[in-house]
Amino acid sequence: MPQMGVSVAEGTVVGWSKQPGDWVEADETVLEVSTDKIDTEVPAPASGRLAEILVPEGETVDVGTVLARIETAARPGQAHASEAAAPAARPAERAHPADDGDGSAARHYSPVVRRVAAEHGIDLAQVEGTGRGGRVRKQDVLAAVEAAPAQPPLHIESPYRPEPTAAAPPGGSLSRMRRAIGEHMKRSLETAATCTTWIEIDFSRVEAERARLGLTALPIVARATIDALREHPALNATLDGEDYRRYDDAVHLGIAVSLGDDGLIVPVIRDAHDLSAEGLGKAIRDLARRARAKQLDPDEVRGGTFTITNPGQFGSIMATPVINQPQVAILDVEAVVKRPVVVDGDAIAVRPICILGLSWDHRALDGVLAAQFLATIKRRLEGA
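Bear in mind that the values here come from a model prediction, so they are computed numbers and not experimental data.

(A) Geometry of the overall build of the chain. In terms of regular secondary structure, the chain is built from 8 helices and 17 strands. Taken over 384 residues, the chain has a buried fraction of 42%. Carbon and sulfur atoms form 53% of the exposed surface of the chain, whose accessible area is close to 20,500 Å².

(B) Region of interest: the sheet that holds strand S7 (residues 68-71). The antiparallel open sheet is built from 3 strands, whose spatial order is S2-S5-S7. Looking at strand neighbours, the two that pair on one side only are strand S2 (23-24) and S7, the edges of this open sheet. Sheet topology places strand S5 (residues 48-53) next to S7; 4 bridges connect them, and they run antiparallel. When the sheet's bridge partners are listed, Glu 52 is paired in S7 with Arg 69.

(C) Fine view of the side chain of Thr 305. Secondary-structure assignment places Thr 305 in the loop between helix H7 (277-292) and strand S15 (306-309). Within the structure, the side chain of Thr 305 is placed 2.6 Å from the side chain of Asn 236, a separation counted as a polar contact. Beyond its immediate stretch of four places on either side in the chain, Thr 305 contacts Leu 235, Asn 236, Ala 237, Tyr 247, Ala 250, Val 251, His 252 and Gln 327.

(D) View of the sheet that holds strand S1 (residues 10-16). With antiparallel pairing, the 4 strands of this open sheet are ordered in space as S4-S3-S1-S6. Of all the strands in the sheet, just strand S4 (39-43) and strand S6 (60-62) have a single pairing partner and so form its edges. Neighbouring strand axes in the sheet, compared pairwise and without regard to direction, differ in orientation by 40° on average.

(E) Main features of the pattern of salt bridges. Inspection of every chain in the model, using the stated rule, returns 19 salt bridges. Residue Lys 186 pairs with Glu 190 through a salt bridge whose shortest N-O separation is 2.3 Å. One end of the pair, Lys 186, and the other, Glu 190, are both in helix H4 (residues 176-191), 4 residues apart, so they sit about a helical turn from each other. On the basis of relative accessible area, Glu 190 is assigned to the exposed category, the value being 56%. For the salt bridge of Glu 207 with Arg 210, the shortest nitrogen-to-oxygen distance reads 3.0 Å. Of this pair, Glu 207 and Arg 210 both sit in helix H5 (residues 204-213), 3 residues apart, which is roughly one turn of the helix. The network of salt bridges with common partners includes Arg 223, Asp 227, Glu 231, Arg 379 and Arg 380.

(F) Structural view of the pairing of strand S9 (residues 237-240). Pairing of S9 with strand S10 (residues 243-246), which is carried by 4 bridges, proceeds in the antiparallel orientation. Bridge pairing links Ala 237 to Arg 246 in S10. From the end of S9 to the start of S10, which pair antiparallel, there are 2 residues, and Gly 241 there has a positive phi angle of about 70°.

(G) Just the packing of helix H6 (residues 217-231) against H7, in detail. Running from N to C, H6 and H7 cross one another at 120°; their axes reach a closest spacing of 8 Å. One way to sum up the angle between H6 and H7 is to call them oblique. When the axes of H6 and H7 are compared, the crossing they make is right-handed. For the pair formed by H6 and H7, the contact residues are Leu 218, Pro 219, Ile 220, Ala 222, Arg 223 and Ile 226 on the first element and Ala 277, Leu 280, Gly 281 and Ile 284 on the second. Tallied by class, the residues present in the contact of H6 with H7 amount to 8 nonpolar, 1 polar and 1 charged.

(H) Seen up close, unusual backbone geometry. Between Gln 325 and the following residue, Pro 326, the backbone shows a cis peptide bond with an omega angle of 5°. Looking at where Pro 326 falls in the secondary structure, it is placed in the loop between S15 and strand S16 (329-343). A positive phi angle is found at Asp 271, which is not glycine, with a value near 50°. By secondary structure assignment, the location of Asp 271 is in the loop between strand S14 (268-269) and H7. Look at Asp 271 and you get partly exposed, because its relative accessible area is 35%. One non-glycine residue, Asp 344, lies in positive phi territory at about 50°. Of note, Asp 344 is situated in the loop between S16 and strand S17 (347-361).

(I) Structural detail: a nonpolar patch on the surface. A cluster of nonpolar side chains, namely Trp 198, Ile 317, Met 318 and Val 337, defines an oily patch on the protein surface of about 360 Å² accessible area. With respect to the element layout, Ile 317 can be found in the loop between S15 and S16.

(J) View of the nonpolar core. In terms of nonpolar packing, the biggest core is built from 66 residues, with Leu 331, Leu 358 and Leu 381 touching the most fellow members. The dominant element in this core, judged by the number of residues it contributes, is H6, at 9 residues. Once residues within four sequence positions are removed from consideration, Leu 381 is found in contact with Ile 201, Phe 203, Arg 205, Val 206, Ile 220, Val 221, Ala 224 and Leu 356. Counting residues in each nonpolar core, the second largest holds 11 residues, with Ala 117, Ile 122, Val 127 and Val 136 among its members.

(K) Quick peek at the packing of H6 against helix H8 (residues 367-382). Close contact between H6 and H8 brings their axes to 9 Å; oriented N to C, the two are set at 130°. Considering the angle they form, H6 stands oblique to H8. When the axes of H6 and H8 are compared, the crossing they make is right-handed. Between H6, through Ile 220, Val 221, Ala 224, Thr 225, Asp 227, Ala 228, Leu 229 and Glu 231, and H8, the contact on the second element is made entirely by Phe 373, Thr 376, Ile 377, Arg 379, Arg 380 and Leu 381. By residue class, the composition of the contact of H6 with H8 is 8 nonpolar, 2 polar and 4 charged.

Procedures and definitions
Residues numbered from 1 in each chain as written. Predicted model: local features only at pLDDT ≥ 70, side-chain atom pairs only at ≥ 80, totals over all residues. Heavy atoms only, no water. Helix = DSSP H or I, 4+ residues; strand = E, 2+ residues; numbered from the N terminus. Buried < 20%, exposed > 50% of the residue type's maximum accessible area, 1.4 Å probe, protein only. Areas by Shrake-Rupley, 256 points an atom, 1.4 Å probe, with all protein chains shown as cover. Pairing = 2+ DSSP bridges. Polar contact = N/O pair within 3.5 Å; in protein donor to acceptor, adjacent residues only side chain to side chain. Contact = heavy atoms within 4.5 Å. Axes fitted to C-alpha atoms, helices over the stretch in contact; angles between N-to-C directions. Salt bridge = Lys/Arg side-chain N within 4 Å of Asp/Glu carboxyl O. Parallel < 35°, antiparallel > 145°, perpendicular 65-115°, else oblique. Left-handed = near helix turned anticlockwise from the far one by under 90°. Nonpolar A, V, L, I, M, F, W, Y, C, P; charged D, E, K, R; others polar. Patch = residues over 30% accessible without salt bridge, like charges linked within 9 Å, V, L, I, M, F, W, Y side chains within 5 Å. Core = buried A, V, L, I, M, F, W, Y, C linked by side-chain atoms within 4.5 Å.

Now the structure itself:
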C-alpha cells in the first residue's frame, strides 16, 4: 500500500484491473485504492506477470503492506503455471478485449474512474483516455468535469432532508488518522534536533503587491522563500538517517493544507522555482482544492524538499512548526497584524507586521544559517 500523505495510515483496495496470470507492463494500472484523503490508481512497478494478489477487493490494510507479487522473470506469451493444464485459456487470448460491434475493442474502466464519472454525470464513452493504450484515467475524467458546462439544479430547494446524526460522545478515542499524524509528529521531534528561529517582517510591500496581483500573501511569501532557498540551498535538503541530500537545482515546495477534522496533508508543487507568484498562487489553489476533494495522486504528496505551513490565515501570530521529515526545515507563516512600530529613526507608524517562524534541524544546520535565511526572506519581502 503506497504512502499517500503524512497522516494516511491505511488504504482500502477498491478493485483490481488485473488478475493472477495476466501480463502487466511497467506503469500500467493494476488496482485502485481509496484512503481518507486520496482515491488513486496504483501502477505496476515493473513489467511481468501478476503471480498472486495478496489483498482482495474491499480489504483495508496498513501503508507499506505488500498488495501483490509480479514475476519479473516471465516473458509475454509464456504460459502461466496454472494454465499449463488448460491450453485454451492462454494469456494471449485474454489480452484481447471483446469487440463492441463497431469494429473497436470494448473499453474497460477502473472502479475509481467509473465512480468519479458517475458522481459528475460524465459519459465515459466521450472521454479521451491518456493512459497506456488509450485507457481512461481518473485525471482524464476530472479534466472532463472541469471542461463540462455547469448544469442548472433540478430543484431550487431539495425536499430531501438527511436524518439528524447523533452527536459524538465526549471523551472519545482518537481517530486512526489523528493517531497517524501524532505518530509522525512525535517521530519527527524524536529524530530531529529541532530549533526554531523567528523574524518580524513589515508586510507593507507584500500587501500592496497582493492587492495588485489579486493574490493572498502566501504565494508572494512562497516566491521569496524559493529565492532564499536558491541563495541558501543547505535548507533545501533532506536528512534520512545519515543520508543528507541537498537539492541545488530544484525546489519541490510542500504546502500544508488543513482538511479540518480529517487532519492535514502536504501536497507538493514540483519545480516551484520555475513559477512566478501568480503561478504559485494558481498551483496552491489547485492543490488545496483537489486535496479537500480527495483528488490528489500519490506522487503529489511526496518528494518535497521544503515545506511552508500557513496557520496565520486563522489568526494565530506565533508557532513552532514540526519539521516534515525527512526535510531539514519548515517555514511557518503567521497572521498579518497592524501595529505601531518604529520607522525612520524615532518615528512611530502603523505597519502590517507578520512573524515568520523557521523550525530547522540542528543536525544539518546551524543557527547562523537559519537567521541568514530568514533575513534573506525579509529583505526580499520588504524590498530593502
